[in-house]
Amino acid sequence: MDIVIYFYSSVFFNTYPFIKKYLPYKILFLIVCLASGKADAQNRIVIGRVTDAKTGQPLFSCSVYAHNSGNGVITDEKGKYTITISDKTDSLSISMIGYKSMTKVVSQRAEQQIDFQVDSASDEMAEVVVAIQSRYTKAQRLILKVIKNKPVNDAFHNKTLQCQVYDKMEVDLKNLPKKIENNRLMRPLAFAFNNQDTTKDNDKLLPVFISEINSNYYYRKSPEKDRFDYTAIKSSGFDNKSILTFIDGLYKKINIYDNNIKLVDVNFVSPIADNALTFYEYHILDTVYFDNHRCIQVQFAPLHFGSNTFNGYLWIADTVFAVKSLVMHMDKNANINFVKKFEISQFFQAEAQERFMPDKTVLYMDLVVPLKRQTGVIAKKTTIYKNIILNNEGIDTAFGKKFLPMSAFAPDSAKVRSIERFEPLSRSEQSVYVLMDTLMKIPAVVTYERIISGLTTGYFTVGKIDLGDIYYLYTNNLVEGNRFSFGGKTNYKFNSHVQFTGYAGYAMKDQQFRYYLRSVFLLNPRLWSTLTFEYRSEEHTS
């Protein structure tokens, strides 16, 4: 609950700065500034909803794609979709088993809404069903058994789940242009450039960040809710909290048993979704015994071009039809900006009761810089689960505790409580810590880090105060003409439950002073309820 009290008295025009909106991750900012120009993209955003023309019911997992390229998305549970298309796309098409295909023209507007009311192809569907039932392959029959047993094998299908979690993440810059390495401003980083690692694909990697996190995880199925209680964080490198927040935002909870897996706010169809046979083809490759369990390897690939699906393989434990492990990566035709590759590996371990519980998840992300095909960022994240407890009736007490977000922890909080590693660091991970700790002792590198942080947030930190927003130091509009402003806000070092914000400005055209004062009091950290007081000498319009 937020309580806001306002006091107004004049006119204010607010413009949101371009650079803050389109630089979502700070670690790429330096590369973009030095190595690439501004992309001249003419993309358009289309939103809409797909429903059954007769019943009005939303159509879930319907494929919506650009007619010229086949790049597309699938609808969510409410039949809604959002797709970004290029200037070459003039129409959108939809397709789904049991319904007639449909195409609609797209206008040149930057943002638009296109809804589809789709007619059923009942006669065609009857013929398809008969054909499929008489021609299920051995691999398809195995997948159907896995789908049937999902309620038994999915750990998140229980009333509650709690466990201890260990996360480790490494972020590397990939293939920095030579002109950056040779730039005189980069001379303080010569030590790092000389210690770059080379992959089997001859990509040169420069580590810029590494972190480890211990937490307790709690999940409740109904009403659905989860939370991480962080206990220790250790990190080293550039702008730690921003990287942690951005990488975590690329994906939500990844569970192979879910019908949809969300990556970068885009839904991908799981290879064992309830309707997976509509989207995938399967082939049995091998049969091997793991830990006294007979496991069958099944390869899967997209059945249709342009759908948001995966390529990869599953190991399925026979008799219980549970997933033992999997490796999959998003299909290359998936339309996700800046993401070249997203690979997921998951492993499950059988307990005494023969149930396969989550054991380990490994994510590999290859993010690219616009206009620079080879330059980008590699992020690798490993999550390990331990001491899983199911159906704990007392789990509600965990949700009632005060929540501390990741941003509340200092990068060196592990000095207070040491990191408990569920697996040892590899030699390369150990070397990253050494490299980062060495770099962050170089004054020039520390200065660069602060500059990058200030340019991407708009604020420069001085002790307990953040000075800015630098992007509002000068603005111009028809009413005020040239306007100059300066302000600041307190940060968490001042007080974690109170924040004061303010600025003052002067407009040249009407020769008037403007000012703004704001205070926010956090009343309940668990519910994040706040009391806000504002006073401004101007009417706010955005």
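No experiment lies behind these values; they were computed from the predicted model shown.

The rules behind each value
- Each residue is numbered by its place in its chain's sequence as written, counting from 1.
- With pLDDT at 70 or above as the cut-off, local features in this predicted model cover only qualifying residues; side-chain atom pairs require 80 or more to be listed or tallied, and sums for whole chains, interfaces and linings still use all residues.
- No hydrogens and no water enter the side-chain calculation; it runs on all heavy atoms of the structure.
- Strands here mean DSSP runs of E at least two residues long; helices mean DSSP runs of H or I at least four residues long; both are numbered from the N terminus.
- Residue burial is assigned from relative accessible area. The probe radius is 1.4 Å, only protein chains are included, and a residue is buried under 20% of its type maximum, exposed over 50%, and partly exposed in between.
- The contact definition used throughout considers only heavy atoms, calling two residues in contact when any of these lie within 4.5 Å.
- Two rings from Phe, Tyr or Trp (for Trp, the six-membered ring) form a pair when their centres sit within 6.5 Å of each other. Planes less than 30 degrees apart are called stacked, planes more than 60 degrees apart edge-to-face, and all others tilted.
- By the criterion adopted, a ring carries a charge over it if an Arg CZ or a Lys NZ lies within 6 Å of its centre and within 35 degrees of its normal.
- To form a nonpolar core, buried Ala, Val, Leu, Ile, Met, Phe, Trp, Tyr and Cys residues must be joined to one another through side-chain atoms within 4.5 Å.
- Here, patches come from residues exposed beyond 30% relative accessible area and free of salt bridges, joined within 9 Å for like charges and within 5 Å for nonpolar side chains (Val, Leu, Ile, Met, Phe, Trp, Tyr).
- We get accessible surface area from the Shrake-Rupley algorithm with a probe of 1.4 Å; when it comes to residues, only the shown protein chains can shield them.
- Each reported salt bridge corresponds to a side-chain nitrogen of Lys or Arg within 4 Å of a carboxyl oxygen of Asp or Glu.
- Nitrogen and oxygen atoms within 3.5 Å of one another constitute a polar contact, given that in protein one can donate a hydrogen and the other can accept it, and given that sequence-neighbouring residues count only through two side-chain atoms.
- pLDDT expresses, on a scale from 0 to 100, how confident the predictor is about each individual residue.
- Here the arc refers to the set of directions running from the helix axis out to each C-beta atom.

Colleague: Lay out the overall build of the protein with the relevant residues and their values.
Modeller: The number of helices and strands found in the protein is 11 helices and 31 strands. Evaluated residue by residue, the protein yields a buried proportion of 45% over its 542 residues. Here the analysis covers contacts within the protein between residues at least 6 apart in sequence; of these, 60% occur between residues at least 24 apart.

Colleague: Before we move on, could you go through the packing of aromatic side chains and cite the residues and values that matter?
Modeller: Any two aromatic rings considered together are summarised by their centre-to-centre distance and by the angle between their planes. The final tally for this structure, using the stated rule, is 17 aromatic pairs. Ring centres of Tyr506 and Phe513 lie 4.7 Å apart, and the angle between their planes is 55 degrees; on these two criteria the pair is classed as tilted. An aromatic cluster is defined as three or more aromatic residues linked by ring pairs; in this entry it consists of Phe156, Tyr217, Tyr219, Phe228 and Tyr230. Lys234 extends its terminal NZ or CZ atom over the ring of Tyr433, reaching a point 4.7 Å from the ring centre.

Colleague: Tell me what's going on with the nonpolar core, and back it up with residues and numbers.
Modeller: Ile143, Ile256, Tyr282, Phe310 and Leu314 are the most contacted members of the largest nonpolar core, which has 56 residues in total. Of all hydrophobic cores here, the second largest spans 14 residues; its members include Val50, Leu59, Leu92 and Ile114.

Colleague: Summarise the environment of Gly79; cite the residues concerned and give the values.
Modeller: Tracing the sequence through the fold places Gly79 in the loop between strand S5 (72–74) and strand S6 (80–85). Considering only alpha carbons, one finds Gly79 and Gly48, 31 residues apart in sequence, at a separation of 8.3 Å. Dropping the residues within four chain positions of it, Gly79 is found in contact with Gly48, Arg49, Val50, Pro58 and Leu59.

Colleague: I'd like a description of a nonpolar patch on the surface, backed by residues and values.
Modeller: Together, Val462, Ile465, Leu467, Leu473, Tyr474, Phe484, Phe486 and Met508 make up a nonpolar patch on the protein surface, roughly 740 Å² of accessible area in all. Note that Phe484 resides in strand S27 (residues 481–490). For Phe484, a relative accessible area of 43% gives the class partly exposed.

Colleague: Could you give an account of the environment of Tyr217, naming the residues involved and the relevant values?
Modeller: Mapped onto the elements of the fold, Tyr217 is located in strand S13 (residues 204–220). Remark: the alpha-carbon pair of Tyr217 and Cys163, spanning 54 residues in sequence, is separated by 5.4 Å. Among residues more than four places away in sequence, those in contact with Tyr217 are Phe156, Leu161, Gln162, Cys163, Val165, Asp226, Arg227, Phe228 and Lys253. Within the structure, the side chain of Tyr217 is placed 3.0 Å from the side chain of Asp226, a separation counted as a polar contact.

Colleague: How would you explain the pattern of salt bridges if you had to name every residue and give the values?
Modeller: Counted by the stated rule, this structure contains 18 salt bridges. Among the salt bridges present, the one from Glu423 reaches Lys360, with a minimum N-O distance of 3.1 Å. Within this pair, whereas Glu423 is found in the loop between helix H9 (396–399) and helix H10 (427–439), its partner Lys360 is found in strand S22 (residues 356–369), the two being separated by 63 residues in sequence. As a salt-bridge pair, Glu420 and Lys386 come within 3.0 Å of each other at their nearest N and O atoms. You can see Glu420 sitting in the loop between H9 and H10 and its partner Lys386 sitting in strand S23 (residues 372–390), a full 34 residues away along the chain. Relative accessible area serves as the criterion here: at 37%, Glu420 is assigned to the partly exposed category. A single salt-bridge network, built from bridges that share partners, covers Lys168, Lys360, Glu423 and Glu429.

Colleague: Explain the confidence of the model for the protein to me, and be specific about the residues and the numbers.
Modeller: This prediction gives the protein a mean pLDDT of 78; 76% of its residues lie at or above 70. Element-level mean pLDDT values for the protein span from 35 in strand S2 (residues 11–13) up to 95 in helix H4 (residues 138–148).

Colleague: Break down the side chain of Arg44 for me, with residues and values.
Modeller: Residue placement: Arg44 occurs in strand S3 (residues 44–52). The class for Arg44 is buried, based on a relative accessible area of 3%.

Colleague: Account for unusual backbone geometry, with residues named and values stated.
Modeller: Pro223 follows Ser222 through a cis peptide bond whose omega is -15 degrees. Its place among the elements puts Pro223 in the loop between S13 and strand S14 (225–237). Here the residue pair Gly468 and Asp469 is connected by a cis peptide bond, since its omega of 0 degrees sits within 30 degrees of zero. Inspection of the secondary structure puts Asp469 in the loop between strand S25 (465–468) and strand S26 (474–477). Of note, Thr319 is a non-glycine position whose phi angle comes to about 75 degrees, a positive value. Structurally, Thr319 can be placed in the loop between strand S19 (310–317) and strand S20 (322–330). Residue class for Thr319 comes out exposed when judged on its relative accessible area of 64%.

Colleague: Account for H4, with residues named and values stated.
Modeller: All buried positions along H4 are accounted for by Ala139, Gln140, Leu142, Ile143, Val146 and Ile147. Each buried residue of H4 lies within a common arc of 160 degrees when the element is viewed along its axis, so the set occupies one face. Along H4, the residues that are exposed and aim more than 90 degrees away from the buried face are Lys138 and Lys148. Looking at the buried positions of H4, the neighbouring elements they touch are helix H5 (150–153), strand S17 (280–290), strand S18 (293–302) and S19.

Colleague: Explain the side chain of Glu480 to me, using residue names and the numbers behind them.
Modeller: Its location among the elements puts Glu480 in the loop between S26 and S27. According to the relative accessible area criterion, Glu480 is buried, its value standing at 0%. A polar contact is formed between the side chain of Glu480 and the side chain of Arg483, at a distance of 2.9 Å.

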